[in-house]
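Spelled out, the chains give:
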Amino acid sequence: GENVEQHPSTLSVQEGDSAVIKCTYSDSASNYFPWYKQELGKGPQLIIDIRSNVGEKKDQRIAVTLNKTAKHFSLHITETQPEDSAVYFCASFSSGSARQLTFGSGTQLTVLP
Amino acid sequence: NAGVMQNPRHLVRRRGQEARLRCSPMKGHSHVYWYRQLPEEGLKFMVYLQKENIIDESGMPKERFSAEFPKEGPSILRIQQVVRGDSAAYFCASSLGGSDEKLFFGSGTQLSVL
């Protein structure tokens, strides 16, 4: 089955700096890669996603890049703010027989004021 | 525009009791997924259902766990004879299905087994 690895597990940045979280996946049939933000006591919230026919996507301060050949994708947050502090999860969705999201282990992002 | 609704938010059970977790998908969504999250871990897939059908239950333990999504009403995740190891947050997500893979999650049910 699909295996998604996510790094780093924890990340601290100063307010205003950029944050980068990286993920790799194993299943070449995966074709959809969402990112979720989870705040304490809440459910995961979809913040951005990318499909395998696109290399990069941007939404205000958030961007995601995908290298399908290398099977890795990254989340970039620019001009970080304290409210960006949360756990971020990457995930991959396979178009094969197992139509399910497989999640990475998460990154605890702390933005220091 | 209500999102995915889960209840209860918190559920406390003693060992051996049954736990029933409910999930109402977003309006217009007919596909439901259940995930389990242990403390400081990622979300693990359990089961994927459409109305009246279990599509994929490969992530669900073979014993004590069952799920349904009836024609009318919410999806139910049922855990019989709970044990302490079942303590976790259980999240439900819904999607439109078909070629749309976007999953939207509810706020989860925190199950505590005493």
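Residues numbered from 1 in each chain as written. Chains lettered and ligands numbered in written order. Predicted model: local features only at pLDDT ≥ 70, side-chain atom pairs only at ≥ 80, totals over all residues. Heavy atoms only, no water.

### Some points on the overall build of chain B
- Of regular secondary structure, chain B possesses 0 helices and 11 strands.
- N-terminal to C-terminal, the α/β element order of chain B is β-β-β-β-β-β-β-β-β-β-β.
- Compactness check: chain B gives a C-alpha radius of gyration of 13 Å against a globular reference of 13 Å for 114 residues, within 12% of the reference.
- If you line up chain B on its principal axes, its C-alpha atoms span 40 × 25 × 25 Å.
- Out of the 114 residues belonging to chain B, those deemed buried represent 43%.
- Taking contacts inside chain B between residues at least 6 apart in sequence as the whole, the part at least 24 apart equals 52%.
- Entry remark: accessible area of chain B is about 5900 Å², with carbon and sulfur atoms responsible for 46%.
- In chain B, 16 side chains carry a positive charge and 12 a negative one; their mean positions are 7 Å apart. (Helix = DSSP H or I, 4+ residues; strand = E, 2+ residues; numbered from the N terminus. Rg over C-alpha atoms; globule rule 2.2 N^0.38 Å. Buried < 20%, exposed > 50% of the residue type's maximum accessible area, 1.4 Å probe, protein only. Contact = heavy atoms within 4.5 Å. Areas by Shrake-Rupley, 256 points an atom, 1.4 Å probe, with all protein chains shown as cover. Lys, Arg positive; Asp, Glu negative; His and termini not counted. Charge placed at Lys NZ, Arg CZ, Asp CG, Glu CD.)

### Some thoughts on the interface of chain B and chain A
- Across the boundary between the two partners, chain B contributes 20 residues, which contact 20 residues of chain A.
- Interface area for chain B against chain A, summed over the two sides, is near 1600 Å², with a carbon-plus-sulfur share of 49%.
- Considering only the side of chain B, the residues that lose the most area to chain A are Leu43(B), Glu101(B) and Lys102(B), jointly responsible for 34% of the buried surface there.
- Summed over the shared surface of chain B and chain A, the result is 2 salt bridges.
- Asp49(A) is the partner of Lys102(B) in a salt bridge, and the nearest nitrogen-oxygen pair spans 2.3 Å.
- Counting every contact that joins chain B to chain A gives 7 residue pairs in polar contact (both at pLDDT 80 or more).
- Among the elements of the structure, strand S4 (31-37), strand S5 (43-50) and strand S10 (104-105) of chain B are those that each provide at least two residues to the side of chain B that touches chain A.
- Residue classes in the side of chain B that touches chain A are distributed as 9 nonpolar, 6 polar and 5 charged. (Buried area = accessible area lost by both parts, 1.4 Å probe. Salt bridge = Lys/Arg side-chain N within 4 Å of Asp/Glu carboxyl O. Polar contact = N/O pair within 3.5 Å; in protein donor to acceptor, adjacent residues only side chain to side chain. Nonpolar A, V, L, I, M, F, W, Y, C, P; charged D, E, K, R; others polar.)

### Overview of the packing of aromatic side chains
- The tally for this structure, following the rule as stated, stands at 13 aromatic pairs over all chains.
- Ring geometry for Tyr36(A) versus Phe105(B): centroids 5.3 Å apart, planes at 90°, classification edge-to-face. Residue Tyr36(A) is located in strand S4 (residues 30-38), and its partner Phe105(B) is located in strand S10; the two belong to separate chains. Comparing Tyr36(A) with Phe105(B) shows no difference in burial state: the two are buried.
- Linked through ring pairs, Tyr36(A), Phe89(A), Phe103(A), Tyr35(B), Phe45(B) and Phe105(B) together constitute an aromatic cluster. (Phe/Tyr/Trp six-rings, centres within 6.5 Å; stacked < 30°, edge-to-face > 60°.)

### A few points about the state of the cysteines
- Tallying each qualifying case throughout the model produces 2 disulfides over all chains.
- Between the sulfur of Cys23(A) and that of Cys90(A) lies a disulfide, 1.9 Å long from S to S. Between Cys23(A) and Cys90(A) the disulfide shows an S-S torsion of about -100°. By sign, it is left-handed. Here the residue Cys23(A) occupies a position in strand S3 (residues 19-25), and Cys90(A) occupies one in strand S9 (residues 86-94), the gap between them amounting to 67 residues.
- Across the disulfide, Cys23(B) is cross-linked to Cys92(B) (sulfur-sulfur distance 1.8 Å). Judged by the sign of its S-S torsion, about -50°, the cystine formed by Cys23(B) and Cys92(B) is left-handed. Placement of Cys23(B) in strand S3 (residues 19-24) and of Cys92(B) in strand S9 (residues 88-95) is noted, with a sequence separation of 69 residues between them. Like Cys23(B), the residue Cys92(B) is buried in the burial classification. (Disulfide = S-S within 2.5 Å.)

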